[in-house]
Amino acid sequence: MNLYKETDQYLVNTYRDRANWLKGRICGIGGSDASTLIGINPYKTPDTLWKEKKGLIEAKEVDNELVQYGKDIEPVLRAWFKATHKEFKVQYRKDCILQSKALLWRLYSPDGLLYHNEKGKGILEIKSTLIRNANMYDQWKQQMPQNYYVQVLHGLLTTGFDYVVVVAELRFAWERNNEIIVLEFTRDEAKDDLLWLDREERVNYTEYYEKNIQPPVVIEF
């Protein structure tokens, strides 16, 4: 079964390199954009995202040691999951964007797609996080940071798949040890949150992007 094949739910756009993939992301709202669109991303404001998508400012990739480490460790964690969870068939396509047929602006670039004989089709999301304090660790152990949760919900909305698996490497600032955790939830378990996110994305996209109105500027004191 090829999961990177067009379905009645999504189109599959594959780009020849990362530069063109980044250009493709500008054309809509991707998973990492979703929390910004609805105003709950602590790292980017809705007006900044709007300016990037409208071509008013350049969308610059964050480039630092932590980000580069995350890029480097992603294939390692994907291989680890594939080797330790053989009940899942893991597929991955580089520089690929899945595009919702119902809402063409809804985009998603999965870290992997999954198939399980009993559970069906799922999405794989891979994270690497530097844990700086006990509160950050507790947040991951309870669920995951809200902006990441919204990202994978966005993936379910785009694909229509049945479940999410998140593989996260937690690195601790105060010691050299790390911990790999695997979180999983089904579409049914998140049905209320999916309805909420679908509504919030539609409302915000219509209000600011389709009507071409800049979101309110957030002033930090």
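Above this text sits the structure in question.
In what follows, the accompanying structure is described. (Residues numbered from 1 in each chain as written. Predicted model: local features only at pLDDT ≥ 70, side-chain atom pairs only at ≥ 80, totals over all residues. Heavy atoms only, no water.)

### Some remarks on the overall build of the chain
Here's step 1: Counting its secondary structure elements, the chain contains 7 helices and 8 strands.
Here's step 2: Its C-alpha atoms give the chain a radius of gyration of 17 Å, within 12% of the compact-globule value 17 Å for 221 residues.
Here's step 3: Dimensions of the chain, computed from C-alpha atoms along their principal axes, come out at roughly 50 × 45 × 35 Å.
Here's step 4: Every one of the 221 residues in the chain was classed for burial, and the buried ones make up 44%.
Here's step 5: In the structure as shown, the chain presents an accessible area of about 12300 Å², 48% of it carried by carbon and sulfur atoms. (Helix = DSSP H or I, 4+ residues; strand = E, 2+ residues; numbered from the N terminus. Rg over C-alpha atoms; globule rule 2.2 N^0.38 Å. Buried < 20%, exposed > 50% of the residue type's maximum accessible area, 1.4 Å probe, protein only. Areas by Shrake-Rupley, 256 points an atom, 1.4 Å probe, with all protein chains shown as cover.)

### What to know about the sheet that holds strand 8 (residues 178-186)
Think of a sheet as strands paired side by side through backbone hydrogen bonds, with each pair either parallel or antiparallel.
Here's step 1: Overall, mixed pairing links the 5 strands, which are arranged 2-5-6-7-8 in an open sheet. The two strands at the open ends of the sheet, each matched to only one other strand, are strand 2 (88-91) and strand 8. Each strand of the sheet is rotated relative to its neighbour by a mean of 25°, with strand direction disregarded.
Here's step 2: Strand direction decides the pairing type here: strand 2 and strand 5 (residues 112-116), joined by 4 bridges, are antiparallel. Pairing of Val90 across the sheet is with Leu114, part of strand 5.
Here's step 3: Docked against the sheet, helix 4 (residues 65-84) engages strand 2, strand 5, strand 6 (120-131), strand 7 (163-172) and strand 8, running at close to 135° with respect to strand 6.
Here's step 4: Strand contacts of helix 5 (residues 134-142): strand 6, strand 7 and strand 8, with the helix running at about 170° to strand 6, the strand carrying the most contacts. (Pairing = 2+ DSSP bridges. Axes fitted to C-alpha atoms, helices over the stretch in contact; angles between N-to-C directions. Contact = heavy atoms within 4.5 Å.)

### Re the sheet that holds strand 4 (residues 107-108)
Here's step 1: In space, the 3 strands of this open sheet follow the order 1-3-4, with antiparallel pairing throughout. This sheet does not close on itself; its edge strands, each paired only once, are strand 1 (10-14) and strand 4.
Here's step 2: Against the sheet, helix 1 (residues 18-25) touches strand 3 (96-100) and strand 4, its axis set at about 20° to strand 3.

### A closer look at the pairing of strand 5
Here's step 1: In terms of residue burial, strand 5 counts as a mostly covered element, since 4 of its 5 residues are buried.
Here's step 2: In this sheet, strand 6 lies alongside strand 5 in antiparallel orientation, the contact comprising 5 bridges. By the bridge assignment, Leu114 is partnered in strand 6 with Gly122.

### Remarks on the side chain of Asp198
Here's step 1: Locating Asp198 in the fold gives a position in helix 7 (residues 191-210).
Here's step 2: Residue Asp198 is classed as buried on the basis of its relative accessible area, which comes to 18%.
Here's step 3: There is a polar contact of 2.9 Å between the side chain of Asp198 and the side chain of Arg106.
Here's step 4: Among the polar contacts listed, one links the side chain of Asp198 to the side chain of Arg202, at a separation of 3.0 Å.
Here's step 5: The contact partners of Asp198, leaving out residues within four places of it in the chain, are Leu103, Arg106 and Leu157. (Polar contact = N/O pair within 3.5 Å; in protein donor to acceptor, adjacent residues only side chain to side chain.)

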